[in-house]
Amino acid sequence: MYQTQASLKKKAQGGKIDRGEFIYQLTSEFYSTRHPEVQGQTSANLANLSYDPINFDYLQQYCVHDIFLELIITEHTHLILHGIAGLCNLSLDDRFHDFIIANNGISLIKKLLTNQDDSIKINALACLLFLCTRPNSKWMICSASTRALIENLCLSENVCLSNLATYFVTDQFMDNDIVDPPSYPVTIQIFKTITQKEVDDFTQLTNDHNPIHKSTDTNSSPIVHGAFVNSLVAGVIGTYMPGPGTIVVSQSFSFPRKCVVDKEIEINVEVVERRKIMKVVYDCKQEGKVVFEGTARLVAA
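Predicted, not measured: the structure shown is a model, and the values here were computed from it.

What counts and how
- Residues numbered from 1 in each chain as written.
- Predicted model: local features only at pLDDT ≥ 70, side-chain atom pairs only at ≥ 80, totals over all residues.
- Heavy atoms only, no water.
- Buried < 20%, exposed > 50% of the residue type's maximum accessible area, 1.4 Å probe, protein only.
- Helix = DSSP H or I, 4+ residues; strand = E, 2+ residues; numbered from the N terminus.
- Pairing = 2+ DSSP bridges.
- Axes fitted to C-alpha atoms, helices over the stretch in contact; angles between N-to-C directions.
- Contact = heavy atoms within 4.5 Å.
- 1 Å grid on protein atoms, 1.4 Å probe; cavity = no way out; pocket = protein on both sides within 12 Å on 5 of 7 lines; lining within 4 Å.
- Points joined across faces, edges and corners; volume = space filled by probe spheres on them.
- Nonpolar A, V, L, I, M, F, W, Y, C, P; charged D, E, K, R; others polar.

(A) Molecular detail of the pairing of strand E4 (residues 278-286). Most of E4 sits inside the fold, with eight of its nine residues counted as buried. Alignment of strand E3 (residues 264-273) against E4, held across eight bridges, turns out to be antiparallel. Across the sheet, valine 269 pairs through a bridge with tyrosine 282, a residue of E4. Linkage of E3 to E4, two consecutive antiparallel strands, is achieved through a turn of four residues. In terms of strand pairing, E4 meets strand E5 (residues 289-300) through nine bridges, oriented antiparallel. Looking across to E5, one finds that cysteine 284 is bridged to phenylalanine 292.

(B) Looking closely at the pairing of E3. In terms of residue burial, E3 counts as a mostly covered element, since eight of its ten residues are buried. Judged from the seven bridges that link them, strand E1 (residues 187-193) and E3 form a sheet pairing that is antiparallel. Residue pairing for E3: lysine 192 is matched across the bridge by isoleucine 265.

(C) Region of the structure containing the sheet that holds E3. The strand order E1-E3-E4-E5-E2 describes an open sheet built from five strands, whose pairing is antiparallel. On the outer flanks of this sheet lie E1 and strand E2 (246-254), each paired with one strand and no other. When the angles between neighbouring strand axes are averaged without regard to direction, this sheet yields 25°. Strands E1, E2, E3, E4 and E5 of the sheet are contacted by helix H14 (residues 226-239), whose axis makes an angle of about 50° with E3.

(D) Representation of the layout of surface pockets in the model. Of the voids in this model, the largest pocket is the one considered here, and its volume is about 1,000 Å³. Lining the largest pocket are 36 residues, with Ala102, Asn103, Asn104, Asp283 and Lys285 positioned closest to its centre. When contributions to the lining of the largest pocket are tallied by element, the ones reaching two or more residues are helix H5 (64-71), helix H7 (94-102), E1, E3, E4 and E5. The greatest single-element share of the lining of the largest pocket, amounting to six residues, is contributed by E3. Classifying every residue of the lining of the largest pocket by side-chain character gives 13 nonpolar, eleven polar and twelve charged.

In short, shape yes, function no, at least from these values alone.
As structure tokens, this is what we get:
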């Protein structure tokens with residue numbers, strides 16, 4: 001693998017590999033080290049490549065958008081800048097727009113508006129402006145608190161930043177047009193520990209007597225029924241957000257890892273589309289790792 005700017009440039013310009021291979025090698029290099037300098041070199045190249053839509057399929061294929069989102073929550077200014085610049089470049093594309101929405105990206109990007117680095121704030125502001133082009137995300141961005149942050153940036157001594165902030169306020173908050181928040185929470189997080197007794201009760205209810213759900217001498221970590229975990233999410237949707245009267249009309253989900261008994265589960269649900277047919281994204285985590293994730297379409301009864 002290559003680890004210097006000179007070798008990166010040689011790989012990029014030497015004609016020995018194509019775009020896809022170059023992006024793959026940059027991605028592999030990024031994940032092969034945790035050294036900020038090396039990650040800075042590779043992420044800078046990836047951010048530059050994200051300017052050109054011809055690279056978008058490769059960037060999606062190698063999950064470069066995951067890297068950019070990861071970078072904006074680091075402690076290193078240059079890595080944050082590369083991450084938000086990359087997201088800004090990708091945000092007008094529907095695929096990456098939806099990814100940002102589904103992964104709490106708007107909230108993370110808003111936090112960058114208070115960063116000390118003006119370049120980071122400029123890219124964050126531009127990214128939010130691009131995301132506002134979709135009705136399903138504008139209401140998440142254009143709140144009173146966001147307006148206050150951006151109006152403060154209008155006073156910046158940095159001309160580029162102040163001009164962009166002024167345009168944002170004029171374009172998105174014309175005539176005090178602040179998008180009303182929904183009457184229910186946009187995101188919610190609940191914690192639950194499933195006991196063996198609860199699993200046994202669910203076994204009796206469903207008649208699913210698969211031994212993987214039972215504690216034995218040879219099975220010290222029984223697996224919770226997937227339908228049980230799914231029902232916890234349904235409980236959050238029907239009770240808290242959007243709340244009573246909500247009907248699930250469709251779902252798409254997966255179980256990346258097994259969920260075991262007697263370990264706390266973190267349940268996260270977020271409304272990402274506020275329409276007649278709403279869309280929520282959700283996941284359940286155990287020890288920080290996703291055990292269940294998916295999307296659902298909802299209607300009010």
